[in-house]
Amino acid sequence: MKADPQYAPEHLALEAVRRLGPEAQRWAAQARADQPGVTPDALAQQAVKRFTNHARLSGAVSGATGLPGAVVDVGVLAWTQSRMVLHMAAAYEVDPTAPERAADLLVLQRVHKAAEAARLALGVAAGRERAARLFAGSSGRPLTGVMLKLGVKLAQMAGVRAAKRMFAKVIPGAAVVLGTWANSAATKDLARRTTEHFART
């Protein structure tokens, strides 16, 4: 993502499906075996509770560590939210390992308004990823500028609206509370949209 921050959300979505999809699939299968008769809605709410708690914790930590922690936190938050979405997909018996889930992630996280635009951007990002392997090397851009752009892109993906809330986390004395609230609110909002999406799939 540092090498191509413009398409950071797309790279994260592709990697999330590759790495987290199988984990979500295993979790749902085990949960159904352990809780016979559990409904998809109940299983999805278990995932929401688990990952909202994770998001709160990372928000508190980032608030305690200042701006560098806030920049890292938006990446962690976007990854945590991706895990939640894929676990919710599995709860609703939608394959979390299918490539189409990457487009779902981008639409649900409001990176793109429609699945078609998300698929197009994912194709571009995947092509750039392959090209980067062929032409590996330094981009020549200052690292601080790259990290700032990356932080803003991931903040948008995570629903931390975005740069404002990210930078609000470093207000002295209130940072931990703001970090926890911002992450929790963004994650709950995403959970609501995800439930509506997969419940009707």
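What you are looking at is a predicted structure, and each value in this text was computed from that prediction instead of being measured.

Let's talk about the overall build of the chain
Working step 1: In terms of helices and strands, the chain carries 8 helices and 0 strands.
Working step 2: Mapped from its N terminus to its C terminus, the chain presents α and β elements in the order α-α-α-α-α-α-α-α.
Working step 3: Burial statistics for the chain: of 201 residues in total, 45% are counted as buried.
Working step 4: Within the chain, contacts between residues at least 6 apart in sequence are counted, and of these 75% link residues at least 24 apart.
Working step 5: Entry remark: accessible area of the chain is about 10000 Å², with carbon and sulfur atoms responsible for 62%.

A closer look at unusual backbone geometry
Working step 1: In the Ramachandran plot, E93 falls in the positive-phi region, its phi being about 60° despite a non-glycine side chain.
Working step 2: Looking at E93, the relative accessible area reads 63%, which means it is exposed.
Working step 3: A positive phi angle, near 60°, is found at R110, a position not held by glycine.
Working step 4: Topologically, R110 is positioned in the loop between α4 (100–108) and α5 (115–134).
Working step 5: Since its relative accessible area comes to 48%, R110 is described here as partly exposed.

Things to note about the side chain of S184
Working step 1: When you line up the elements, S184 lands in helix α8 (residues 175–199).
Working step 2: Among the polar contacts made by the side chain of S184, one reaches the side chain of R56 at a distance of 3.4 Å.
Working step 3: Each residue touching S184, except ones within four places of it in the same chain, is listed here: T52 and R56.

Focus: the environment of A199
Working step 1: Within the fold, A199 resides in helix α8.
Working step 2: The exposure class assigned to A199 is partly exposed, which follows from its relative accessible area of 47%.
Working step 3: Residues A199 and E93, spaced 106 residues apart in sequence, show a C-alpha to C-alpha distance of 9.6 Å.

Re the pattern of salt bridges
Working step 1: This structure, assessed with the given rule, holds 10 salt bridges.
Working step 2: Ionic pairing is found between R18 and E15, a salt bridge with its closest N-O pair at 2.7 Å. Residue R18 and its partner E15 are located together in helix α1 (residues 8–34), separated by 3 residues, close to a single helical turn.
Working step 3: The salt bridge partner of E100 is R119, with a shortest N-O separation of 2.6 Å. Pair noted here: E100 is in helix α4 and R119 is in helix α5, with a separation of 19 residues, a long-range link.
Working step 4: Overlapping salt bridges bring together R110, D189, R192, R193 and E196 as one network.

Things to note about the confidence of the model for the chain
Working step 1: In this model, the chain carries a mean pLDDT of 79, and residues with pLDDT of at least 70 account for 67%.
Working step 2: Within the chain, helix α7 (residues 163–168) has the poorest average pLDDT of any element, 48, and α4 the best, 96.
Working step 3: Confidence drops under a pLDDT of 50 for residues 134–143, and excluding neighbours within four residues, the segment shows 5 contacts in the predicted structure.
Working step 4: Segment residues 169–178: pLDDT under 50, and 18 contacts once partners within four positions in sequence are set aside and those in other chains are kept.

Section: the nonpolar core
Working step 1: Formed by 43 residues in total, the largest nonpolar core has its most connected members in A13, M84, M88, L122, M157 and F198.
Working step 2: Those elements giving two or more residues to this core turn out to be α1, α2 (40–65), α3 (67–91), α4, α5, α6 (143–158) and α8.
Working step 3: The dominant element in this core, judged by the number of residues it contributes, is α1, at 11 residues.

About the cut-offs
Residues numbered from 1 in each chain as written. Predicted model: local features only at pLDDT ≥ 70, side-chain atom pairs only at ≥ 80, totals over all residues. Heavy atoms only, no water. Helix = DSSP H or I, 4+ residues; strand = E, 2+ residues; numbered from the N terminus. Buried < 20%, exposed > 50% of the residue type's maximum accessible area, 1.4 Å probe, protein only. Contact = heavy atoms within 4.5 Å. Areas by Shrake-Rupley, 256 points an atom, 1.4 Å probe, with all protein chains shown as cover. Polar contact = N/O pair within 3.5 Å; in protein donor to acceptor, adjacent residues only side chain to side chain. Salt bridge = Lys/Arg side-chain N within 4 Å of Asp/Glu carboxyl O. pLDDT = per-residue confidence, 0-100. Core = buried A, V, L, I, M, F, W, Y, C linked by side-chain atoms within 4.5 Å.

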